[in-house]
Amino acid sequence: MTAMALEHCDLLIVGAGPAGMAAAVAAAPSGASIAVIDDNPAPGGQIWRDGPGASLPAAARKWREALERHANIRVCSGTRVVAVPARNELLLEDAERGWRMQWKKLILCTGARELLLPFPGWTLPGVTGAGGLQALIKAGLPVEGERIVIAGSGPLLLAAAATARAADAKVVRIAEQAAFAAVAGFAASLPRWPGKAVQAMTLADPQYRTASRIVSAQGGAQVESVRLLQGGRGVEIDCDRIACGFGLTPNTQLGRMLGCALTPADENGAQALAVDARQATSLPDIHAAGECTGFGGSERALAQGTIAGYAAVGNERDAKQHEGERARWDAFAAQLHRSFALAPGIKQMPQPDTLVCRCEDVPFSALADCSGWTDAKLHRRCGMGACQGRVCGDAAQFLFGWTPPAPRPPLSPARIATLAGLAGHADVDRQ
Ligand SMILES: Cc1cc2nc3c(=O)[nH]c(=O)nc-3n(C[C@H](O)[C@H](O)[C@H](O)COP(=O)(O)OP(=O)(O)OC[C@H]3O[C@@H](n4cnc5c(N)ncnc54)[C@H](O)[C@@H]3O)c2cc1C
């Protein structure tokens, strides 16, 4: 059996988005040995995603440089968490090897993912998430001249539209489900966060419509048009792509696997990792920061990450100094949640034959009489496919109020050698 390396660090940070980068930079002056792992090819997380079609903003470059300046920070990009083999230990894998990493303190900065909800036609080629389209364009997908409809809810729709326009696509409609009054209230509150007010002005788009939701996508081999319910009126728009996202869901799987407590469900039924004023979770030695503790934007993630980084190395004084900044962005997050809460009509999007689990072809009608997630999984195969319920689990939580089951290893697809090495525990100690 191949020997599996066992490595050690004082502080392990999972996730190199704004929260993880800020946590590492705050903790570094303590001299602790810090490892930051992230499954993306470079640090930056969702907002500062790199690629041939991306242009990194100055803030992203600044944080990357800050990571590089500290010799005691080791960044492991392209690295995934596979399992939790023991308390204070994670099983990791990159493109070349699997290994175990022992930590004294852990900070979870695992971010959030888009909430994708089923509607007729959502499995057609050309239909993606709103953030998903952004990621594809940044990775080099050519969209020049394509007509794109962006639908769903929240400011991410505008960010996705800006990315598409910068890549020379034609954004023919941005359909926001929230009512005009809610969006106007949000816009009116923005002067409290001047940077956000400026950002909103740069993202303003003449194709933006409130009280608009998707009804269906039509097409054959590729999406050809979208039907929207716009202020109560049906509208059909020809398009080449639809990008549709209904806000964000915190990535809590690893935290749950470790045994961290969750917050009560939010207005969309989603739960986040529960943290206290020091960003500590319910477990000693584990902190959490950023959107795995609830979505609220990159500035909040940075403030939370900074506090978590200081707190994890025992620097309470500096941690406290960032509480005011975090409170400011907590207020922004609360405004965001209030303004873009999903309307009850969104639950009516799927029709009886609409697939909810697209991996296993399970339609809405097959799930309607299930008693919960386990019943749906065992009797209808919902969530048993390639995505392992990452998409349909969130949709079912929103549509039916089902609590997702505790995640089981492996957390992500892993090579047999990694799993086999774990069973052998043939340790090779490396510092
Ligand atoms: C698809 C998408 C696109 C977005 N685009 C924008 C945008 O354009 N503008 C904007 O203002 N906000 C955007 N957001 C919101 C944005 O996520 C946040 O404001 C900010 O990036 C949150 O920072 P974070 O550090 O909490 O999490 P993230 O930035 O999400 O970083 C978390 C990191 O952890 C990694 N990770 C998670 N789990 C594991 C694991 N088990 N193993 C290894 N690595 C792991 C992820 O790959 C990711 O790199 C987007 C969100 C999503 C989901």
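Quick caveat: nothing in here was measured; it's all calculated off a predicted structure.

Colleague: I'm lost on the domain arrangement of the protein in this one. Help?
Modeller: As a measure of interface size, the accessible area lost when the parts come together is often cited. We note that the domain assignment places domain 1 (6–113 + 249–337), domain 2 (116–246) and domain 3 (350–423) within the protein. Counting from both sides, the interface comprises 16 residues of domain 1 and, opposite them, 15 residues of domain 2. Counting the surface lost from both domain 1 and domain 2, the interface buries some 1,100 Å², and carbon and sulfur atoms represent 63% of this. For the interface between domain 1 and domain 2, the tally reads one salt bridge. Where domain 1 touches domain 2, the interface holds five residue pairs in polar contact (both at pLDDT 80 or more). Tallying contributions element by element places helix α10 (residues 323–339) first for the side of domain 1 that touches domain 2, with six residues. The class makeup of the residues in the side of domain 1 that touches domain 2 is seven nonpolar, five polar and four charged.

Colleague: Would you mind going over the sheet that holds strand β8 (residues 127–128) with me for this structure?
Modeller: Sheet strands line up and pair through hydrogen bonds in the backbone, either parallel or antiparallel. Reading across the sheet, the five strands line up as β8-β15-β9-β10-β11 and stay open at both edges, with parallel pairing between neighbours. At either margin of the open sheet sits one strand with a lone partner, and together these are β8 and β11 (208–209). Where strand β10 (residues 170–176) and β11 come together, two bridges link them in parallel fashion. Its bridge partner lying in β11, Ala 175 is registered against Arg 209. The sheet contacts of helix α4 (residues 156–166) involve β9 (147–153), β10, β11 and β15 (241–246), and relative to β10 the element is tilted by about 175°.

Colleague: Sorry if this is basic, but what is going on with the site of the ligand here?
Modeller: Lining the immediate surroundings of the ligand are 29 residues, of which Asp 38, Asp 39, Gln 46, Gln 134 and Glu 291 lie closest. Contact between the ligand and Ala 19: an oxygen atom at 2.9 Å from a main-chain N or O atom of the residue. Within the contact set of the ligand, an oxygen atom lies 2.7 Å away from a side-chain nitrogen or oxygen of Asp 38. In the complex, the protein chains occlude 89% of the 980 Å² of accessible area that the ligand would expose alone. If you list the elements that add at least two residues to the shell around the ligand, you get α1 (18–27), β4 (80–86), β7 (112–114), α3 (130–138), α4 and α8 (298–312). A domain-level breakdown of the shell around the ligand finds at least three residues from each of domain 1 (6–113 + 249–337) and domain 2 (116–246).

What counts and how
- Residues numbered from 1 in each chain as written.
- Predicted model: local features only at pLDDT ≥ 70, side-chain atom pairs only at ≥ 80, totals over all residues.
- Heavy atoms only, no water.
- Domains from an automatic or database assignment.
- Contact = heavy atoms within 4.5 Å.
- Buried area = accessible area lost by both parts, 1.4 Å probe.
- Salt bridge = Lys/Arg side-chain N within 4 Å of Asp/Glu carboxyl O.
- Polar contact = N/O pair within 3.5 Å; in protein donor to acceptor, adjacent residues only side chain to side chain.
- Helix = DSSP H or I, 4+ residues; strand = E, 2+ residues; numbered from the N terminus.
- Nonpolar A, V, L, I, M, F, W, Y, C, P; charged D, E, K, R; others polar.
- Pairing = 2+ DSSP bridges.
- Axes fitted to C-alpha atoms, helices over the stretch in contact; angles between N-to-C directions.
- Near = heavy atom within 4 Å.
- Areas by Shrake-Rupley, 256 points an atom, 1.4 Å probe, with all protein chains shown as cover.

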